[in-house]
Each structure stands twice: as C-alpha cells, then as structure tokens.
Amino acid sequence: QIIGDSKVLEAETTAGETQAQADYEHLVKDGNLLIKDLQAAVASKMKAIAAADGDKAQATTDHSNTVGELESLGQTEADLHAECDFVLKNFDVRQKARLQEIESIQAAKGILSGAGR
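It should be emphasised that the depicted structure is a prediction, and the values quoted were computed from it without experimental measurement.

Rules of the game
Residues numbered from 1 in each chain as written. Predicted model: local features only at pLDDT ≥ 70, side-chain atom pairs only at ≥ 80, totals over all residues. Heavy atoms only, no water. Helix = DSSP H or I, 4+ residues; strand = E, 2+ residues; numbered from the N terminus. Areas by Shrake-Rupley, 256 points an atom, 1.4 Å probe, with all protein chains shown as cover. Lys, Arg positive; Asp, Glu negative; His and termini not counted. Charge placed at Lys NZ, Arg CZ, Asp CG, Glu CD. Buried < 20%, exposed > 50% of the residue type's maximum accessible area, 1.4 Å probe, protein only. Patch = residues over 30% accessible without salt bridge, like charges linked within 9 Å, V, L, I, M, F, W, Y side chains within 5 Å. Salt bridge = Lys/Arg side-chain N within 4 Å of Asp/Glu carboxyl O.

Novice: I would appreciate a short explanation of the overall build of the protein in the present structure.
Specialist: When helices and strands are tallied, the protein shows 1 helix and 0 strands. Principal-axis analysis of the C-alpha atoms places the extent of the protein at approximately 165 × 25 × 10 Å. Accessible surface, the protein as shown: approximately 10600 Å² in total, 62% of it carbon and sulfur. When the 12 positive and 20 negative side-chain charges of the protein are each reduced to one mean point, those points stand 19 Å apart.

Novice: Looking at this structure, I do not really get the environment of Val 28. What am I missing?
Specialist: Locating Val 28 in the fold gives a position in helix 1 (residues 2-115). Given a relative accessible area of 33%, Val 28 falls into the partly exposed group. Placed 54 residues apart in sequence, Val 28 and Ala 82 show a C-alpha to C-alpha distance of 80 Å.

Novice: When you look at a nonpolar patch on the surface in this model, what are you seeing that I'm missing?
Specialist: Together, Tyr 24, Leu 27 and Val 28 make up a nonpolar patch on the protein surface, roughly 310 Å² of accessible area in all. Its place among the elements puts Leu 27 in helix 1.

So this is what it looks like as structure tokens:
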C-alpha cells in the first residue's frame with residue numbers, strides 16, 4: 001500500500017508541477033505581451049510629445065511674429081496720428097495762406113489783364 005500511495009503522490013506531484021509550469025509559461029507569455037503593448041504605448045506617447053513640442057515651437061514663433069507685427073502697426077498708427085495732428089493743427093494757417101495766394105493771383109491776373117489793354 002505504501003508503494004501505491006507513493007505512486008499516487010508522485011503522480012499528483014508531477015501533475016501539479018506540470019500545471020505550475022504551464023501556469024508559469026502562461027504568466028510569462030502574458031507579461032511579455034503586456035510589456036510589448038506598454039512599449040508601443042510609450043513610443044506612441046513619445047511621438048505625440050515630440051509633435052506637441054513642434055507645435056508649441058511653431059506657436060511660439062507665430063506669437064513672436066504677431067507681437068512684432070502689432071508693435072510695428074502701433075508705431076505706424078502713432079506716426080499717422082502725429083501727421084494728422086500736424087495737418088489739423090496747421091489747417092487754418094494753411095487755408096489762410098492759400099486764400100491769400102488765390103487773392104494775389106487774381107490781383108496779378110487783374111493787373112495783367114488791365115496792362116494788356
């Protein structure tokens with residue numbers, strides 16, 4: 001009976017060891033698949049980070065260019081405003097000068113018309 005019990009115990013132990021080996025191989029296979037999937041996810045996220053960094057650099061450049069253009073437009077606006085202020089400030093003076101020129105020309109024209117008779 002001891003021999004029979006030991007053969008049963010050996011068979012159970014062998015079956016348990018075989019099952020444990022199968023379970024271990026399944027665990028390793030699943031772990032390797034998980035690692036592969038995680039590595040692919042990391043690579044994908046690294047590409048996304050690189051693309052986002054490129055987009056950020058482009059946006060920063062665009063922002064800097066836009067700010068520079070706005071500053072240039074602001075300076076142009078200030079220059080135009082100063083020119084308009086000058087024109088408005090001197091409008092009356094210039095208008096009087098033009099009227100005097102017109103009167104002088106008409107007077108000269110009148111004198112020349114009279115001189116030609």
